[in-house]
Amino acid sequence: LNCLRYRWAASAINLFAPASIGADLGRMALVAVEHSEERLERSVVIVLDRLVGMLSIAIVGLVAVLAAPTLAHRGIYLVVVTGFMGLLIAVTLLARSRLAAVVIDFLDARWGRIGSAAGQLLGAWAAATRRLADRPGVLAVALLLSIVLHSISIALVFVAAKAYGADVPMLTLAVVTAISWLVTLIPIGFGGLGLREISFAVQLAPQGVTPEIATGIALFQFAVGLAMGILGLPLLASMRRARRQERIDTGTGDS
């Protein structure tokens, strides 16, 4: 239940924080406030969630690139997706190396509070990769669930494309959507707004879709995320009230 609570709260945080990474940092901040004694352990779960999500996006993108019947610039897409998968695997392996431990110690010793925070994030990433390596069954189930959820999002994009009159195969839209998700991992803007629209417009142009329709499809996807974020705002407010009441009950806040 707590995982669902934090996940939904992240949708609300994403309304005013940089996409993806901003939401993860927001969830970590909530965890730090509510569970300071288990902050690192729960942060590992959040990082693991992000890691599984990126892996599943790469898998969906690769399958769609290979299976799409008509896909302009297939070679470029293949290079991008496989390159991302290779980078993700390399970073995951490096996180478990001795070099990562040296970097974490250096940041913690030389860069003060910011370095300590960065070191904790790197430590959480390393711990998450170890968890995945030690529990292949859990990884398989998590990947399957994530792929199902991403497939539902792609189906929504397909419905939006049909509504706008864009005749684009679903597998082609799966490739475009997967790449747009990777682009919005860049922590710029709010909820990926702007990056997503540009990505859709650029990618769908060779498929014969006008920039206006491509932007409309991307904005539909953003609107779905926006609705989820708005629904999560009351949850954030209730969490804040609960923390205030806890401080009052324990005598650490104003009565």
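Reading guide: rules and limits
Residues numbered from 1 in each chain as written. Predicted model: local features only at pLDDT ≥ 70, side-chain atom pairs only at ≥ 80, totals over all residues. Heavy atoms only, no water. Helix = DSSP H or I, 4+ residues; strand = E, 2+ residues; numbered from the N terminus. Areas by Shrake-Rupley, 256 points an atom, 1.4 Å probe, with all protein chains shown as cover. Core = buried A, V, L, I, M, F, W, Y, C linked by side-chain atoms within 4.5 Å. Buried < 20%, exposed > 50% of the residue type's maximum accessible area, 1.4 Å probe, protein only. Contact = heavy atoms within 4.5 Å. pLDDT = per-residue confidence, 0-100. Expected span 1.5 Å × (residues − 1). Axes fitted to C-alpha atoms, helices over the stretch in contact; angles between N-to-C directions. Parallel < 35°, antiparallel > 145°, perpendicular 65-115°, else oblique. Nonpolar A, V, L, I, M, F, W, Y, C, P; charged D, E, K, R; others polar. Salt bridge = Lys/Arg side-chain N within 4 Å of Asp/Glu carboxyl O. Left-handed = near helix turned anticlockwise from the far one by under 90°.

Caption draft 1: The overall build of the protein chain, seen in detail. A tally of regular secondary structure across the protein chain gives 10 helices and 0 strands. Roughly 13800 Å² of accessible area belongs to the protein chain as shown, and the carbon and sulfur atoms make up 70% of that amount.

Caption draft 2: The arrangement of the nonpolar core in detail. Ranked by size, the top nonpolar core spans 46 residues in total, and within it Tyr77, Phe84, Trp125, Val175, Phe200, Leu204 and Ile217 carry the most contacts. Elements supplying a minimum of two residues to this core: helix H3 (39–67), helix H4 (74–95), helix H6 (112–134), helix H7 (136–163), helix H8 (170–183), helix H9 (195–204) and helix H10 (211–250). Once you skip the residues sitting within four places of it in the chain, tyrosine 77 turns out to touch Val65, Leu71, Ala72, Val175, Val176, Ile179 and Gln203.

Caption draft 3: Just the confidence of the model for the protein chain, in detail. Here the protein chain averages 80 in pLDDT, while 73% of its residues score no lower than 70. Here helix H1 (residues 2–13) stands out as the least confident element of the protein chain, with mean pLDDT 63; H8 is the most confident, with 93.

Caption draft 4: Representation of the side chain of glutamine 207. Of note, glutamine 207 is situated in the loop between H9 and H10. On the accessibility criterion, glutamine 207 (19% relative accessible area) is buried. Glutamine 207 has contacts with Thr70, Leu71, Ala72 and Thr172, leaving out every residue within four places of it along the chain.

Caption draft 5: Here's a closer look at unusual backbone geometry. You will see that histidine 73, though not glycine, has its phi angle at about 60 degrees, which is positive. Residue placement: histidine 73 occurs in the loop between H3 and H4. Residue histidine 73 is classed as partly exposed on the basis of its relative accessible area of 49%.

Caption draft 6: Representation of H8. For H8, built from 14 residues, the straight-helix expectation of 20 Å at 1.5 Å per residue is met to within 8% by its first-to-last C-alpha distance of 20 Å. With 11 of its 14 residues buried, H8 lies for the most part within the structure. Among all positions in H8, only Thr172, Leu173, Ala174, Val175, Val176, Thr177, Ala178, Ile179, Ser180, Trp181 and Leu182 are buried.

Caption draft 7: Looking closely at the packing of H4 against H6. Following both chains from N to C, one finds H4 and H6 inclined at 100 degrees, their axes separated by 8 Å at the closest point. In terms of orientation, H4 and H6 fall into the roughly perpendicular class. For the pair H4 and H6, the contacting residues are Leu88, Val91, Thr92 and Ala95 in the first and Trp125, Ala126 and Thr129 in the second. Class assignment for the residues of the contact of H4 with H6 results in 5 nonpolar, 2 polar and no charged.

Caption draft 8: Looking closely at the environment of alanine 101. Along the chain, alanine 101 turns up in helix H5 (residues 98–110). Residue class for alanine 101 comes out partly exposed when judged on its relative accessible area of 27%. Considering only alpha carbons, one finds alanine 101 and glycine 119, 18 residues apart in sequence, at a separation of 9.0 Å.

Caption draft 9: Seen up close, the pattern of salt bridges. Taken as a whole and assessed by the stated rule, the structure comprises 2 salt bridges. Residues aspartate 167 and lysine 162 are paired through a salt bridge, measuring 3.8 Å at the closest nitrogen-oxygen approach. Residue aspartate 167 is classed as exposed on the basis of its relative accessible area of 68%. By relative accessible area, lysine 162 is classed as partly exposed at 45%. With a shortest N-O distance of 3.8 Å, glutamate 197 and arginine 196 are connected by a salt bridge. Judged by its relative accessible area of 9%, glutamate 197 falls in the buried class. By relative accessible area, which is 10% here, arginine 196 ends up buried.

Caption draft 10: How the structure looks around the side chain of threonine 177. Tracing the sequence through the fold places threonine 177 in helix H8. For threonine 177, a relative accessible area of 0% gives the class buried. Sequence-distant contacts of threonine 177, defined by excluding residues within four places in its chain, comprise Ile154, Val157, Phe200 and Gln221.

Caption draft 11: Quick look at the packing of H4 against H8. One can describe the packing of H4 onto H8 by two numbers: an axis separation of 11 Å at closest approach and a directional angle of 45 degrees. Accordingly, the angle class assigned to the pair H4 and H8 is oblique. Crossing of H4 over H8 shows left-handed handedness. Each of Tyr77, Val80, Val81 and Phe84 in H4 lies in contact with H8, whose residues at this interface are Val175, Val176, Ile179 and Leu182. Its residues assigned to classes, the contact of H4 with H8 shows 8 nonpolar, no polar and no charged.

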